Amino acid sequence: MTGGELNPIWDMHMMIAALRADRSDVESYGRVLTSVLGDALPDGMVEVDYRRSMADRMSGKPGQAVAVRVHAPERELELRQGRRGGVEAEVRSVVRGVVISRKQIGIDEWLVVLAEELNKLAARDAAAREVLARLFNG
């Protein structure tokens, strides 16, 4: 690899491994997507929903992350706290801002879709490409 270019296949595996490591709840994914990848992702691409207790409100804390959405041009990816614990993943197809289909998938498949979207972003945005190359290629 030269010049900060991303090799889609190799980097996809690196991204998935980096994102999968020790991530078992929505809050962890939310932190990774907003803080670690925050420099690479355009404003508004990641949205986090929080559940705030009275104590959170009084202390000015954001609360506990219960859902994370990644908005891509043709897809919306969502992780949310499951009803019985754990994390649920969903991918939605979007056309002109309207969701036309939804599919429940596993976390590993969701990470593959996220890695694909990050590679597409890197292909069209030089600043994102540089940040992602630095983050995932060391």
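**Quick notes on the nonpolar core**
Okay, step 1: Counting residues in hydrophobic clusters, the biggest one holds 25 residues, and the most contacted among them are Leu-33, Val-46, Val-70, Leu-77, Trp-110 and Leu-114.
Okay, step 2: At the level of elements, α2 (26-36), β1 (46-51), β2 (64-71), β3 (75-81), β4 (87-95), α4 (107-124) and α5 (126-137) are the ones that each hand at least two residues to this core.
Okay, step 3: With seven residues, α4 is the single largest residue contributor to this core.

**Let's talk about the pairing of β3**
Okay, step 1: In terms of residue burial, β3 counts as a mostly covered element, since six of its seven residues are buried.
Okay, step 2: When β2 meets β3, the two strands line up antiparallel, connected through five bridges. Following the sheet pairing, Ala-67 is matched in β3 by Arg-80.
Okay, step 3: Joining the antiparallel neighbours β3 and β4 is a turn of five residues, in which Gly-85 adopts a positive phi near 90°.

**Focus: the pattern of salt bridges**
Okay, step 1: The full count for this structure, using the stated rule, is 14 salt bridges.
Okay, step 2: As a salt-bridge pair, Asp-49 and Arg-69 come within 2.7 Å of each other at their nearest N and O atoms. One end of the pair, Asp-49, is in strand β1; the other, Arg-69, is in strand β2, with 20 residues separating them in the sequence.
Okay, step 3: Residues Lys-120 and Glu-117 are paired through a salt bridge, measuring 3.7 Å at the closest nitrogen-oxygen approach. Residue Lys-120 and its partner Glu-117 are both found in helix α4; the two are separated by three residues, about one turn of the helix.
Okay, step 4: With a relative accessible area of 41%, Lys-120 lands in the partly exposed category.
Okay, step 5: Through salt bridges with shared partners, a single ionic network connects Glu-47, Asp-49, Arg-69, Glu-76, Glu-78, Arg-80, Glu-88, Glu-90, Arg-92 and Arg-102.

Rules behind the numbers
Residues numbered from 1 in each chain as written. Predicted model: local features only at pLDDT ≥ 70, side-chain atom pairs only at ≥ 80, totals over all residues. Heavy atoms only, no water. Core = buried A, V, L, I, M, F, W, Y, C linked by side-chain atoms within 4.5 Å. Buried < 20%, exposed > 50% of the residue type's maximum accessible area, 1.4 Å probe, protein only. Helix = DSSP H or I, 4+ residues; strand = E, 2+ residues; numbered from the N terminus. Pairing = 2+ DSSP bridges. Salt bridge = Lys/Arg side-chain N within 4 Å of Asp/Glu carboxyl O.

Interpretation in functional terms is not warranted from these geometric data alone.
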